[in-house]
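Take a look at the letters that make up each chain.
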Amino acid sequence: MITLGHYLVVSGMLFALGLAGVIARRNIIIVYMCLEMMLSAANLALVGFSRFHLVNGLPDYTAQSLVFFTITVAAAEVAVGLAIIVALFRSKQSVDVESVTKLQG
Amino acid sequence: MPPLLFYLLALITLGFGFLVVTGRNPVTCALALAASFVGLAALFLSLDAYFIGVIQILVYAGAVMVLFLFIIMLLDIKTEEGKKLNLPAIVSGVLLAVLLTLQIIAVVGSTSLAQKGTQDTPLALADAAGKIGRAALPTITNDLKAGELPDAKLIGFTLFDQYGFHLQVIGLLLLVGTIGVVVLSKRERSAP
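About the criteria used
Residues numbered from 1 in each chain as written. Chains lettered and ligands numbered in written order. Predicted model: local features only at pLDDT ≥ 70, side-chain atom pairs only at ≥ 80, totals over all residues. Heavy atoms only, no water. Domains from an automatic or database assignment. Contact = heavy atoms within 4.5 Å. Buried area = accessible area lost by both parts, 1.4 Å probe. Salt bridge = Lys/Arg side-chain N within 4 Å of Asp/Glu carboxyl O. Polar contact = N/O pair within 3.5 Å; in protein donor to acceptor, adjacent residues only side chain to side chain.

Engineer: I'm lost on the domain arrangement of chain B in this one. Help?
Structural biologist: All names here are of chain B. As assigned here, chain B comprises domain 1 (1-78) and domain 2 (123-185). When each unit is reduced to the centre of its C-alpha atoms, the spacing between domain 1 and domain 2 is 25 Å. Contact with domain 1, which involves 5 residues of that partner, is made by 5 residues of domain 2. Among the residues domain 1 hides against domain 2, the three largest losses belong to Asp48, Tyr50 and Phe51. Together they make up 88% of the total.

Engineer: Please explain the interface of chain B and chain A as it appears in this structure.
Structural biologist: For interface size, the figure often reported is the accessible area lost on association. On the chain A side, the residues contacting the 92 residues of chain B number 71 residues. When the two sides are added together, the surface that chain B and chain A hide from each other amounts to roughly 7,300 Å², 76% of it contributed by carbon and sulfur. Counting across the interface, chain B meets chain A through 1 salt bridge. Ionic pairing is found between Arg51 of chain A and Asp48 of chain B, a salt bridge with its closest N-O pair at 2.8 Å. Run the count over chain B and chain A and you get 7 residue pairs in polar contact (both at pLDDT 80 or more).

As C-alpha coordinates, this is what we get:
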(Lines give C-alpha, C1' and ligand atoms only; values in the text may rest on other atoms or scores of the structure.)
Protein backbone atom coordinates (compact mmCIF):
# COMPACT_ATOMS: atom_id res chain seq x y z
CA MET A 1 0.00 0.00 0.00
CA ILE A 2 1.29 3.44 -0.90
CA THR A 3 1.34 5.71 2.12
CA LEU A 4 2.03 9.38 2.75
CA GLY A 5 5.53 8.32 3.81
CA HIS A 6 6.31 7.04 0.30
CA TYR A 7 5.49 10.42 -1.21
CA LEU A 8 7.46 12.26 1.48
CA VAL A 9 10.53 10.09 0.86
CA VAL A 10 10.34 10.68 -2.91
CA SER A 11 9.97 14.40 -2.22
CA GLY A 12 12.93 14.38 0.14
CA MET A 13 15.12 12.46 -2.32
CA LEU A 14 14.25 14.90 -5.11
CA PHE A 15 15.13 17.80 -2.79
CA ALA A 16 18.41 16.12 -1.84
CA LEU A 17 19.28 15.60 -5.52
CA GLY A 18 18.64 19.28 -6.19
CA LEU A 19 20.71 20.29 -3.17
CA ALA A 20 23.64 18.14 -4.32
CA GLY A 21 23.39 19.73 -7.75
CA VAL A 22 23.34 23.27 -6.36
CA ILE A 23 26.46 22.59 -4.28
CA ALA A 24 28.45 20.52 -6.76
CA ARG A 25 27.70 21.97 -10.20
CA ARG A 26 29.55 25.00 -11.53
CA ASN A 27 27.40 25.94 -14.50
CA ILE A 28 25.01 28.67 -13.30
CA ILE A 29 22.20 27.51 -15.61
CA ILE A 30 22.33 23.96 -14.22
CA VAL A 31 22.44 25.34 -10.67
CA TYR A 32 19.21 27.14 -11.55
CA MET A 33 17.62 23.96 -12.88
CA CYS A 34 18.48 22.21 -9.61
CA LEU A 35 16.84 25.08 -7.70
CA GLU A 36 13.67 24.49 -9.70
CA MET A 37 13.84 20.81 -8.81
CA MET A 38 14.04 21.66 -5.10
CA LEU A 39 10.97 23.92 -5.38
CA SER A 40 9.03 21.14 -7.10
CA ALA A 41 10.06 18.68 -4.39
CA ALA A 42 8.53 21.00 -1.78
CA ASN A 43 5.37 21.12 -3.90
CA LEU A 44 5.17 17.32 -3.91
CA ALA A 45 5.34 17.24 -0.11
CA LEU A 46 2.60 19.90 0.10
CA VAL A 47 0.28 18.06 -2.29
CA GLY A 48 0.90 14.81 -0.39
CA PHE A 49 -0.07 16.42 2.91
CA SER A 50 -3.09 17.98 1.21
CA ARG A 51 -4.34 14.59 -0.02
CA PHE A 52 -3.88 12.79 3.29
CA HIS A 53 -5.41 15.52 5.47
CA LEU A 54 -9.07 15.39 4.56
CA VAL A 55 -11.38 18.31 5.36
CA ASN A 56 -15.06 17.32 5.05
CA GLY A 57 -13.98 14.29 3.01
CA LEU A 58 -12.09 16.41 0.46
CA PRO A 59 -8.34 17.12 0.17
CA ASP A 60 -7.16 20.19 2.07
CA TYR A 61 -7.25 22.84 -0.62
CA THR A 62 -5.33 25.39 1.45
CA ALA A 63 -2.15 23.43 0.72
CA GLN A 64 -2.92 23.30 -2.98
CA SER A 65 -3.47 27.08 -3.00
CA LEU A 66 0.00 27.42 -1.50
CA VAL A 67 1.38 25.20 -4.29
CA PHE A 68 -0.32 27.50 -6.81
CA PHE A 69 1.44 30.51 -5.25
CA THR A 70 4.77 28.65 -5.16
CA ILE A 71 4.56 27.81 -8.86
CA THR A 72 3.79 31.46 -9.66
CA VAL A 73 6.73 32.71 -7.61
CA ALA A 74 9.00 30.09 -9.20
CA ALA A 75 8.02 31.23 -12.68
CA ALA A 76 8.76 34.88 -11.81
CA GLU A 77 12.04 33.83 -10.19
CA VAL A 78 13.15 31.93 -13.29
CA ALA A 79 12.43 34.91 -15.54
CA VAL A 80 14.41 37.35 -13.35
CA GLY A 81 17.22 34.85 -12.69
CA LEU A 82 17.74 34.05 -16.35
CA ALA A 83 17.84 37.78 -17.15
CA ILE A 84 20.58 38.15 -14.51
CA ILE A 85 22.47 35.20 -16.06
CA VAL A 86 22.29 36.82 -19.49
CA ALA A 87 23.57 40.11 -18.06
CA LEU A 88 26.34 38.22 -16.28
CA PHE A 89 27.32 36.39 -19.46
CA ARG A 90 27.52 39.71 -21.29
CA SER A 91 30.07 41.11 -18.87
CA LYS A 92 32.08 37.93 -18.10
CA GLN A 93 31.62 35.81 -21.25
CA SER A 94 31.20 32.77 -18.98
CA VAL A 95 28.53 30.89 -17.03
CA ASP A 96 30.94 29.37 -14.55
CA VAL A 97 30.09 30.26 -10.94
CA GLU A 98 33.78 30.72 -10.21
CA SER A 99 34.09 33.54 -12.74
CA VAL A 100 31.97 35.70 -10.40
CA THR A 101 34.09 36.47 -7.37
CA LYS A 102 33.70 40.21 -6.98
CA LEU A 103 31.63 39.92 -3.78
CA GLN A 104 34.10 37.50 -2.24
CA GLY A 105 35.79 39.21 0.72
CA MET B 1 -3.27 3.41 -7.28
CA PRO B 2 -1.26 0.24 -7.89
CA PRO B 3 2.07 0.33 -6.04
CA LEU B 4 3.95 -0.63 -9.21
CA LEU B 5 2.75 2.54 -10.97
CA PHE B 6 3.91 4.68 -8.04
CA TYR B 7 7.37 3.14 -8.10
CA LEU B 8 7.58 3.61 -11.89
CA LEU B 9 6.64 7.30 -11.63
CA ALA B 10 9.02 7.84 -8.72
CA LEU B 11 11.78 6.17 -10.75
CA ILE B 12 11.10 8.45 -13.75
CA THR B 13 11.11 11.57 -11.54
CA LEU B 14 14.25 10.67 -9.59
CA GLY B 15 16.13 9.03 -12.49
CA PHE B 16 15.78 12.03 -14.77
CA GLY B 17 16.52 14.26 -11.77
CA PHE B 18 19.80 12.38 -11.33
CA LEU B 19 20.53 12.94 -15.03
CA VAL B 20 20.06 16.70 -14.51
CA VAL B 21 22.64 16.74 -11.72
CA THR B 22 25.22 14.58 -13.54
CA GLY B 23 24.77 15.59 -17.20
CA ARG B 24 27.64 17.36 -18.95
CA ASN B 25 25.68 19.04 -21.72
CA PRO B 26 23.22 21.78 -20.60
CA VAL B 27 20.71 20.80 -23.32
CA THR B 28 20.64 17.20 -22.04
CA CYS B 29 20.10 18.54 -18.53
CA ALA B 30 17.21 20.75 -19.63
CA LEU B 31 15.45 17.91 -21.46
CA ALA B 32 16.00 15.55 -18.50
CA LEU B 33 14.50 18.20 -16.22
CA ALA B 34 11.42 18.41 -18.47
CA ALA B 35 11.01 14.62 -18.28
CA SER B 36 11.45 14.72 -14.51
CA PHE B 37 8.71 17.35 -14.26
CA VAL B 38 6.35 15.21 -16.35
CA GLY B 39 6.91 12.33 -13.91
CA LEU B 40 6.26 14.68 -11.02
CA ALA B 41 3.04 15.90 -12.66
CA ALA B 42 1.92 12.26 -12.92
CA LEU B 43 2.62 11.88 -9.19
CA PHE B 44 0.41 14.92 -8.57
CA LEU B 45 -2.36 13.28 -10.62
CA SER B 46 -2.02 10.14 -8.51
CA LEU B 47 -2.69 12.31 -5.44
CA ASP B 48 -6.02 13.51 -6.93
CA ALA B 49 -4.52 16.96 -7.55
CA TYR B 50 -5.49 17.24 -11.21
CA PHE B 51 -5.31 21.02 -11.46
CA ILE B 52 -1.84 21.19 -9.91
CA GLY B 53 -0.67 18.38 -12.21
CA VAL B 54 -1.85 20.22 -15.31
CA ILE B 55 -0.33 23.50 -14.08
CA GLN B 56 2.94 21.68 -13.43
CA ILE B 57 3.10 20.52 -17.05
CA LEU B 58 1.97 23.86 -18.49
CA VAL B 59 4.19 26.13 -16.41
CA TYR B 60 7.26 23.98 -15.67
CA ALA B 61 7.54 21.49 -18.52
CA GLY B 62 6.19 24.12 -20.90
CA ALA B 63 7.07 27.72 -20.14
CA VAL B 64 10.05 27.41 -17.78
CA MET B 65 11.81 24.75 -19.83
CA VAL B 66 11.37 26.72 -23.05
CA LEU B 67 12.89 29.71 -21.27
CA PHE B 68 15.87 27.60 -20.15
CA LEU B 69 16.43 26.12 -23.62
CA PHE B 70 16.08 29.56 -25.16
CA ILE B 71 18.78 30.99 -22.87
CA ILE B 72 21.07 28.01 -23.52
CA MET B 73 20.65 28.58 -27.25
CA LEU B 74 21.13 32.34 -26.89
CA LEU B 75 24.34 32.05 -24.88
CA ASP B 76 25.58 29.21 -27.11
CA ILE B 77 27.21 27.18 -24.34
CA LYS B 78 28.44 23.89 -25.74
CA THR B 79 31.53 22.76 -23.95
CA GLU B 80 31.66 23.83 -20.36
CA GLU B 81 33.40 22.90 -17.14
CA GLY B 82 34.95 19.88 -18.83
CA LYS B 83 38.37 20.77 -17.48
CA LYS B 84 38.57 19.92 -13.83
CA LEU B 85 36.03 18.56 -11.40
CA ASN B 86 35.56 20.48 -8.20
CA LEU B 87 36.15 17.52 -5.89
CA PRO B 88 35.51 19.11 -2.44
CA ALA B 89 32.20 20.56 -3.65
CA ILE B 90 31.09 17.24 -5.16
CA VAL B 91 31.99 15.29 -2.02
CA SER B 92 30.21 17.74 0.29
CA GLY B 93 27.19 17.90 -2.02
CA VAL B 94 26.78 14.11 -2.17
CA LEU B 95 27.38 13.83 1.58
CA LEU B 96 24.74 16.45 2.39
CA ALA B 97 22.24 14.83 0.03
CA VAL B 98 22.76 11.38 1.54
CA LEU B 99 22.49 12.75 5.08
CA LEU B 100 19.28 14.64 4.24
CA THR B 101 17.72 11.56 2.63
CA LEU B 102 18.61 9.33 5.58
CA GLN B 103 17.22 11.89 7.99
CA ILE B 104 13.94 12.15 6.11
CA ILE B 105 13.61 8.37 5.89
CA ALA B 106 14.23 8.12 9.66
CA VAL B 107 11.67 10.81 10.48
CA VAL B 108 9.05 9.34 8.12
CA GLY B 109 9.64 5.84 9.49
CA SER B 110 9.09 6.93 13.09
CA THR B 111 5.94 9.01 12.52
CA SER B 112 2.55 7.31 12.70
CA LEU B 113 1.01 10.06 10.56
CA ALA B 114 3.14 9.00 7.59
CA GLN B 115 1.76 5.45 7.68
CA LYS B 116 -1.66 6.56 6.42
CA GLY B 117 -2.48 5.01 3.05
CA THR B 118 -4.96 6.14 0.41
CA GLN B 119 -7.31 3.36 1.55
CA ASP B 120 -7.34 4.82 5.07
CA THR B 121 -8.32 8.24 3.79
CA PRO B 122 -10.80 7.73 0.94
CA LEU B 123 -12.41 10.80 -0.56
CA ALA B 124 -16.05 11.06 0.50
CA LEU B 125 -17.52 13.12 -2.33
CA ALA B 126 -21.25 12.65 -1.64
CA ASP B 127 -20.65 13.28 2.08
CA ALA B 128 -18.69 16.42 1.31
CA ALA B 129 -21.55 17.80 -0.79
CA GLY B 130 -23.77 17.74 2.27
CA LYS B 131 -21.12 18.99 4.66
CA ILE B 132 -19.86 22.05 2.83
CA GLY B 133 -23.52 22.75 1.96
CA ARG B 134 -24.32 26.42 1.59
CA ALA B 135 -20.70 27.53 1.99
CA ALA B 136 -19.90 26.50 -1.58
CA LEU B 137 -21.26 27.42 -4.99
CA PRO B 138 -24.06 25.25 -6.36
CA THR B 139 -21.87 24.14 -9.26
CA ILE B 140 -19.40 22.60 -6.79
CA THR B 141 -22.08 20.74 -4.80
CA ASN B 142 -23.69 19.49 -8.02
CA ASP B 143 -20.36 18.05 -9.19
CA LEU B 144 -19.78 16.44 -5.80
CA LYS B 145 -23.25 14.87 -5.82
CA ALA B 146 -22.55 13.46 -9.29
CA GLY B 147 -19.48 11.75 -7.79
CA GLU B 148 -16.87 13.93 -9.49
CA LEU B 149 -14.06 15.86 -7.83
CA PRO B 150 -14.33 19.50 -9.04
CA ASP B 151 -10.65 20.07 -8.34
CA ALA B 152 -10.06 23.33 -10.23
CA LYS B 153 -13.34 24.81 -8.98
CA LEU B 154 -12.46 24.04 -5.36
CA ILE B 155 -8.98 25.57 -5.68
CA GLY B 156 -10.43 28.63 -7.38
CA PHE B 157 -13.04 28.93 -4.65
CA THR B 158 -10.38 28.70 -1.93
CA LEU B 159 -8.15 31.23 -3.69
CA PHE B 160 -10.81 33.86 -4.26
CA ASP B 161 -12.74 33.22 -1.05
CA GLN B 162 -9.88 33.20 1.46
CA TYR B 163 -6.77 34.42 -0.32
CA GLY B 164 -7.97 37.30 -2.46
CA PHE B 165 -5.40 39.74 -1.09
CA HIS B 166 -2.54 37.24 -1.54
CA LEU B 167 -3.62 36.68 -5.11
CA GLN B 168 -3.32 40.41 -5.81
CA VAL B 169 0.12 40.51 -4.17
CA ILE B 170 1.19 37.66 -6.48
CA GLY B 171 -0.14 39.65 -9.44
CA LEU B 172 1.95 42.63 -8.33
CA LEU B 173 4.99 40.34 -7.98
CA LEU B 174 4.57 39.16 -11.58
CA LEU B 175 4.33 42.78 -12.75
CA VAL B 176 7.46 43.77 -10.83
CA GLY B 177 9.21 40.67 -12.22
CA THR B 178 8.29 41.64 -15.77
CA ILE B 179 9.59 45.20 -15.29
CA GLY B 180 12.73 43.85 -13.63
CA VAL B 181 13.48 41.55 -16.56
CA VAL B 182 13.06 44.40 -19.04
CA VAL B 183 15.37 46.67 -17.00
CA LEU B 184 17.96 43.92 -16.55
CA SER B 185 18.15 42.90 -20.17
CA LYS B 186 18.20 46.43 -21.57
CA ARG B 187 21.57 47.08 -23.09
CA GLU B 188 23.22 50.13 -21.58
CA ARG B 189 23.73 52.76 -24.21
CA SER B 190 27.40 53.56 -24.60
CA ALA B 191 28.35 57.22 -24.29
CA PRO B 192 28.77 58.92 -27.67
